[in-house]
Amino acid sequence: MDFRIKPDSCVACMACVRVCPADAVAVEGAIVRIVDDACTRCGLCLPACPHDAIEALGDVPRALELALAGRAALILSVENAVYFYPATPNQVVNACYAAGFRTVHRGVLGDELVAKEYLDLWADGDWGTMIRSTCPVIVETVRTQYPELIPYLAPVATPIAAEARYLKQLYGAGTPVVYAGVCLTEGGPDVDAAVTFDELADMFRRSGIVVAAQDEYFTRVPEERRRHLSMAGGLPLEVLLEETQASRRFRKVRGMGGLGAIARAVAVDRLDLGFVDILPCEGCLDHPLLGPRDELFRRREIVGATEPTRSRGPVVEEAVARGVQVAEAFQITRNGQRPQAEAVDGILREIGLAPNGRPWDCGACGYRTCQAFASAAALGRTTLRSCPPYLDKQARQAQLQAAVDGLTGLATYRVLRDRLATEVARSDRTGDPFAVLFVDLDNFKKVNDEFGHEAGNEVLRGAARECGAHIRTTDLAARYGGDEFVLVLVRTRVDGALGVADKVRATIEATGRSLGYPEGLVTVSIGVAEFVPGRGPETEDVLVAADRALYRAKASGRNQVATGER
């Protein structure tokens, strides 16, 4: 079975990328897909997606075909009691028989087989570190991400794989086996078809079978449902009774993050951890396909109420079990897919460093370190859209670009407009006036035509530099557009503004001479206007008044400073 992303529902929000422990989600622009070879089928992406864009798909056509043929054995995991509630497990089993399955089992036989194998290993005791391998998600994660732990995996098959082998031994090697449950990798190649509970319910609907309408007692003698040695998942009860969960010989770990700590302890620190019972969640009842975690207690109560009493004797036929291979070997495979170092370094440069000069390593992207994120991004498994420090950096740059003119380094017209509105409001509130200077280069077109546009840019930068050099930090110098500049002088009357304007005019003229231009070619005309609270002019009018004064200066022969009155 596989997980798939529905393109019509996915908005590339990257929620699945952040929670995937296997880096199995690839991002190509706005297209997000799951990489089958890397996916461990843990299912964490399913509840993480806010758009219901991820679905779990089993082999429904194959399962239907096998059921209708009347020869298939069904392994129905005990979690069905939760999914089909309030229908009873008896009704679900009857529905499975009505759908055409030859026999229906609940996974107990597989649990018993692997529990017996673990008891033999437990009695031996000379293993240093042994990681319980009955969870296929853990096995796949070890194989793909922590190959150094493969030698420490207990050489035991998963319970469903063991049960499938047992059923083929019991009913004949050609007996097809179908698995219905929540763990999408259960059984592996030993299972002929696997479906989710959703898909099993759909199979019932296709066959016209209503689970709630089935008899509440078994219409056929059921297969063995009681346990003798095992707990759910194949852990021997004797181990739990003999060792506490905090003993040195037995350790219980929950969560995929525990694998990293185990790998460091075993492969780096060379510690013997004893028997390690590690699962990605609190058992299959906590699997994402069964619903949110806050309903886990309810699910446990339902399954606990349906469990039969424990058997006093073995439930596995010894003669059949002798022909079943429960042992498993896990091959070490080399993953040759490594990102190019240059690509990783380039992404790290894009992210940048924290203010203290160290990597951010904030974990907000779903990866523990910036290095791990950059490696995944270089492989196309994620994008910089998932990195909050990078997005914050981009936002600051965009804000800076919107506020600062790229050529002159002065404020933009947008900032000027907002600042004028602020100054008008402040002047109305405090009674303090302010002045506006409108500066325009007199012969800028001639400079461009005769000396080139790069020379014109040099003149603009020089003029802007002089505009900024003669104002206070509380004032504002902005590029209005083209070769025009505006200076806002707070708490300044017209007389003081005229003095500033004349200094700006004189220094820009001197800048032109220092750059080697002919006398009188690089000059400016400046218009000065004053905003007086209660008398105006208003926000837009103060610019208009300064602009009119500018034209008055132009008309007076250029290289002049003028106001609206003189």
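Please refer to the structure placed before this passage.
One structure accompanies this document, and this report is about it. Because the structure is predicted, anything quoted here is derived from the model rather than measured. (Residues numbered from 1 in each chain as written. Predicted model: local features only at pLDDT ≥ 70, side-chain atom pairs only at ≥ 80, totals over all residues. Heavy atoms only, no water.)

1. Quick look at the pairing of strand β12 (residues 434–441)
No. 1: Most of β12 sits inside the fold, with 8 of its 8 residues counted as buried.
No. 2: Residues Phe434, Val436, Phe438 and Asp440 of β12 are buried on one face, and the alternating residues Ala435, Leu437, Val439 and Leu441, pointing to the opposite face, are buried as well.
No. 3: Judged from the 7 bridges that link them, β12 and strand β14 (residues 484–490) form a sheet pairing that is antiparallel. Its bridge partner lying in β14, Asp440 is registered against Glu484.
No. 4: Judged from the 8 bridges that link them, β12 and strand β15 (residues 524–531) form a sheet pairing that is antiparallel. Along β15, the bridge assignment pairs Val436 with Ala529. (Buried < 20%, exposed > 50% of the residue type's maximum accessible area, 1.4 Å probe, protein only. Helix = DSSP H or I, 4+ residues; strand = E, 2+ residues; numbered from the N terminus. Pairing = 2+ DSSP bridges.)

2. With respect to the nonpolar core
No. 1: Within the largest apolar cluster, 53 residues are counted, with the highest numbers of intra-cluster contacts made by Leu113, Leu149, Tyr166, Ile262 and Phe275.
No. 2: With 6 residues, helix α6 (residues 108–124) is the single largest residue contributor to this core.
No. 3: What Tyr166 contacts, discounting residues up to four positions off in sequence, is Leu109, Leu113, Val316, Glu317, Val320, Ala321 and Val324.
No. 4: Of all hydrophobic cores here, the second largest spans 37 residues; its members include Val60, Val182, Phe204 and Leu296. (Core = buried A, V, L, I, M, F, W, Y, C linked by side-chain atoms within 4.5 Å. Contact = heavy atoms within 4.5 Å.)

3. Some remarks on the sheet that holds β12
No. 1: Strands sit in the order β13-β14-β12-β15-β16 across an open sheet of 5 strands; the sheet is mixed. Strands at the two margins of the open sheet, each flanked by one partner only, are β13 (476–481) and β16 (561–563). With direction set aside, neighbouring strand axes in the sheet form an average angle of 25°.
No. 2: Here helix α20 (residues 494–514) sits on the sheet in contact with β12, β14, β15 and β16, set at roughly 165° to β15. (Axes fitted to C-alpha atoms, helices over the stretch in contact; angles between N-to-C directions.)

4. Quick word on the packing of helix α19 (residues 453–469) against α20
No. 1: In the contact formed by α19 and α20, the axes pass within 9 Å of each other and the chain directions differ by 150°. Once α19 is placed against α20, the crossing between them reads as right-handed. From α19, Gly462, Ala463, Glu466 and Cys467 reach across to α20, where they touch Val504, Thr507, Ile508 and Thr511.
No. 2: Among the residues forming the contact of α19 with α20, the class breakdown is 4 nonpolar, 3 polar and 1 charged. (Left-handed = near helix turned anticlockwise from the far one by under 90°. Nonpolar A, V, L, I, M, F, W, Y, C, P; charged D, E, K, R; others polar.)

5. Considering the packing of helix α18 (residues 444–451) against α19
No. 1: Running from amino to carboxyl end, α18 crosses α19 at an angle of 140°, the nearest separation of the two axes being 7 Å. Compared by their axis directions, α18 and α19 come out oblique. Counted together, Phe444, Val447, Asn448 and Phe451 of α18 and His453, Ala455, Gly456, Val459 and Leu460 of α19 form the full contact between these two elements.
No. 2: The class makeup of the residues in the contact of α18 with α19 is 6 nonpolar, 3 polar and no charged. (Parallel < 35°, antiparallel > 145°, perpendicular 65-115°, else oblique.)

6. Remarks on the sheet that holds strand β7 (residues 129–131)
No. 1: An order of β7-β11-β10 is seen for the 3 strands of this open sheet, with the pairing classed as parallel. Edge strands, defined here as strands with exactly one partner in the open sheet, are β7 and β10 (250–254). For this sheet, the mean angle separating the axes of adjacent strands, direction not counted, is 20°.
No. 2: Summarising the sheet, β7 and strand β11 (residues 274–279) pair through 3 bridges and their orientation is parallel. Bridged to Met130 within β11 is Phe275.
No. 3: Across the sheet, helix α11 (residues 258–268) touches β7, β10 and β11, and the angle it forms with β11 is around 155°.

7. So, helix α17 (residues 413–430)
An α-helical turn contains 3.6 residues, so a residue and the one three or four places further along point in the same direction.
No. 1: The terminal C-alpha atoms of α17, which comprises 18 residues, lie 25 Å apart, in line with the 26 Å expected from a rise of 1.5 Å per residue.
No. 2: All of the buried residues in α17 are Leu416, Leu420, Glu423, Val424 and Ser427. Viewed end-on, α17 has its buried residues packed into an arc of 100°, placing them on one side of the element.
No. 3: Looking one or two residues beyond α17, the residue adopting positive phi is Gly431, at roughly 85°. (Expected span 1.5 Å × (residues − 1). Arc of directions from axis to C-beta.)

The analysis is restricted to geometry; functional conclusions fall outside its scope.
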